[in-house]
Amino acid sequence: MSAGANAGRGLLGLVCGNTPEVRGCVLDLLRCASPDALVLSVSVHADGTARYPFVQRFVMGGEERRRASLCQGATGDPAVIIRQDLDAIARTAARPHVVLALPDTVDTAPFLAELWRTPLGRTPLSHHYELAPTAVGVDPGRLLNDLRCVHRATRVLGHDPNAAPLTVAEAAARQLEAAQVMVLRGGPGEGDGRREGCRALLGHLNPSAVVHLDSDDADLTALTALARPDPGWSTAGPADRLDIVAPVVRRRGVDHGVTSVLWRSRRPLHPERLAESLPRVMPSVVRSRGHLWSATRPRTVISWRSAGRHLELREAGGWLEGEDAAAWRAASPQRRTLASWYWDDYYGERRNEIVFTGADLDADRLRAALDSAVLDDGELALGAERWARLPDPLLGDVAPGPEG
């Protein structure tokens, strides 16, 4: 145990999966590693007619009295309800190990950030708990089907109960990217190489996570890490990892045909040429994510997210400006460090950075297509006022105002 745990804090871990069966598989493995863990299994039901969903909790392990007090339903913000449960557990148990088993209707990373946030006048959860690695169970067949599904929307709950629905493909990708540990389930048909191909894809979609095979006994011994605090949380907390300007980690090399390509540029993008480049950029891309500097919106960070054949560009906050002391204070330590690292006297922290993952990607062709979409020397010299007049078929033309 770490020094923090010895000082009296318990342990909080999250488990989810792309099917109930693989989530149960991961929970079984974790309970073998930590038999005393209390599993708080959560179901969330939203019918779209109410502001908040119905949240049901079921408990495995622990004392019967505690199980009875927690096994109940409530309507409200899931993060608030679960935070209250965790507070109650911490008050009645010394250094508890609690595992939240979340359904696939919860967007894990923003939910954890909201759960870990300290409301005004409340004791921080970090006073009672340290964070363990987030574990995700993966069924290969379901994953590959979900990553292709862009024609159907699903509503997932994170920090905002009124957030817009996501495509099934986007929700599946986000679940994987929230993990520190992924457990890949075996089954019939392993000999066709599908599971190894899926393992390669997982390694590129989330290079910082550890991927285990549930049939590999040697690998499973390492899952005891799920019952220990994860030192990685000290580098960037749950909210810090949601920052759109955080660097996207890329795995190098080609594994079973899967590769990842990083594209960067310090020049703003011409929106019309970017739109024209997409047919050359996106074929064979399974997942891409990052951020853009658009010439028509020079003060705004544009998030780039694609899963399957669906691409979403969204305004996602502002770039840090040298004279805006309040924005610098509000930014996470990681964001401030990156901004200082990339700072340019002319551009500030502005930059384009996207990682593309897919099968048999042509890195040179992809980068050349995007390079052709940035402003050339003549366009760059025109300045931000002229850039604002450029046509923008992706985000819409900018109305006259301070942005231009």
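The name given to the protein chain in an unreviewed UniProt entry is CobW C-terminal domain-containing protein, with Streptomyces javensis as the source organism.

Q: Got a minute to help me understand empty space enclosed by the protein in this structure?
A: Space left empty within the atom packing is revealed by a probe, the size of a water molecule, rolled over the atoms. Here the structure, examined in full by the defined rule, presents 3 cavities of 30 Å³ or more. In this structure, the largest cavity is lined by Leu-269, Pro-271, Leu-274, Leu-292, Trp-293, Ser-294, Ile-302, Leu-313, Asp-392, Leu-394 and Leu-395. Taken as a whole, the second largest cavity holds about 60 Å³ of empty space. Every residue along the wall of the second largest cavity is listed here: Glu-177, His-204, Leu-205, Val-248, Val-249, Arg-287, Ser-288, Arg-289, Val-355 and Thr-357.

Q: Help me out: how do you make sense of the packing of helix H10 (residues 271–281) against helix H13 (residues 363–371) in this one?
A: Packed helices, taken two at a time, are described by the angle between their axes plus the distance between the axes. Taken N-terminus to C-terminus, the directions of H10 and H13 make an angle of 175°; their axes are 9 Å apart at the nearest point. Between H10 and H13, the crossing angle belongs to the class labelled roughly antiparallel. Within the contact between the two elements, H10 uses Leu-274, Ser-277, Arg-280 and Val-281 and H13 uses Arg-365, Leu-366, Ala-369 and Leu-370. Split by residue class, the contact of H10 with H13 holds 5 nonpolar, 1 polar and 2 charged.

Q: Please clarify how the nonpolar core should be interpreted in this entry.
A: Note on soluble globular proteins: their nonpolar side chains tend to be buried together. By size, the foremost hydrophobic cluster in this structure holds 47 residues, and its most contacted members are Leu-12, Leu-100, Leu-115, Tyr-129 and Leu-202. Considering each element in turn, this core owes the most residues, 6 residues, to helix H4 (residues 78–92). Aside from chain neighbours lying at most four places away, what touches Leu-202 is Val-138, Leu-143, Leu-176, Met-182, Leu-184 and Val-211. In terms of nonpolar packing, the next biggest core, distinct from the first, is built from 20 residues, Val-285, Ile-302, Trp-304 and Leu-366 among them.

Q: Even after reading the chapter, I still don't get the confidence of the model for the protein chain, so can you show me in this structure?
A: A low pLDDT score tells you not to read the predicted coordinates there in detail. Of the residues in the protein chain, 89% reach a pLDDT of 70 or more, and the chain-wide mean stands at 88. Between residues 1–6, whose pLDDT stays under 50, and residues either more than four places distant or in other chains, the model counts 9 contacts.

Q: Teacher, can you tell me more about the state of the cysteines here?
A: In protein structure, a disulfide is the covalent linkage between the sulfur atoms of two cysteines. For the coordinates displayed, the defined rule picks out 0 disulfides. Of the cysteine sulfurs around Cys-32, a residue in no disulfide, the closest is that of Cys-25, at 9.9 Å. Residue class for Cys-32 comes out exposed when judged on its relative accessible area of 66%.

Q: Looking at this structure, I do not really get the pairing of strand E16 (residues 352–359). What am I missing?
A: The side chains of a regular strand alternate between both faces of the sheet. Burial analysis of E16 places 7 of its 8 residues in the buried class, which makes it a mostly covered element. Inspection of the sheet shows strand E12 (residues 258–265) paired to E16 by 8 bridges, in the antiparallel sense. What sits directly across from Leu-262, in E16, is Val-355. For strand E13 (residues 285–293) and E16, the ladder comprises 6 bridges, and the chain directions are antiparallel. Its bridge partner lying in E16, His-291 is registered against Glu-353.

The rules we used
- Going along each chain's sequence as written, the residues are numbered from 1 onward.
- Under the rules for a predicted model, residues below a pLDDT of 70 receive no local features and side-chain atom pairs below 80 are neither given nor counted, while totals for whole chains, interfaces and linings still include all residues.
- Working from all heavy atoms in the structure, the side-chain values ignore hydrogens and water.
- A 1.4 Å probe that fits but cannot get out identifies a cavity on a 1 Å grid over protein atoms alone, an open set with protein on both sides within 12 Å along at least five of seven lines counts as a pocket, and a residue lines either if it has an atom within 4 Å of a point.
- Grid points are joined across faces, edges and corners, and a volume is the space filled by probe spheres set on the points.
- Orientation is described by lines fitted to C-alpha atoms, with helices fitted over the stretch in contact, and by angles between N-to-C directions that extend from 0 to 180 degrees.
- Counting from the N terminus, the helices are the DSSP runs of H or I reaching at least four residues and the strands are the DSSP runs of E reaching at least two.
- Orientation labels follow simple angle bins: below 35 degrees gives roughly parallel, above 145 gives roughly antiparallel, 65 to 115 gives roughly perpendicular, and whatever is left gives oblique.
- Contacts are residue-level and defined by heavy atoms, with any inter-residue pair within 4.5 Å sufficient.
- Amino acids outside the nonpolar list (Ala, Val, Leu, Ile, Met, Phe, Trp, Tyr, Cys, Pro) and the charged list (Asp, Glu, Lys, Arg) are all regarded as polar, and Gly is one of them.
- The criterion is simple. A nonpolar core is a set of buried Ala, Val, Leu, Ile, Met, Phe, Trp, Tyr and Cys residues joined through side-chain atoms within 4.5 Å.
- Whether a residue is buried, partly exposed or exposed follows from its accessible area with a 1.4 Å probe, protein chains only, as a fraction of its type maximum: under 20%, in between, or over 50%, in that order.
- Known as pLDDT, the predictor's per-residue confidence is scaled from 0 to 100.
- The disulfide criterion used throughout: a pair of cysteine sulfur atoms within 2.5 Å.
- By definition, two strands form a pair when at least two bridges between them are found by DSSP.

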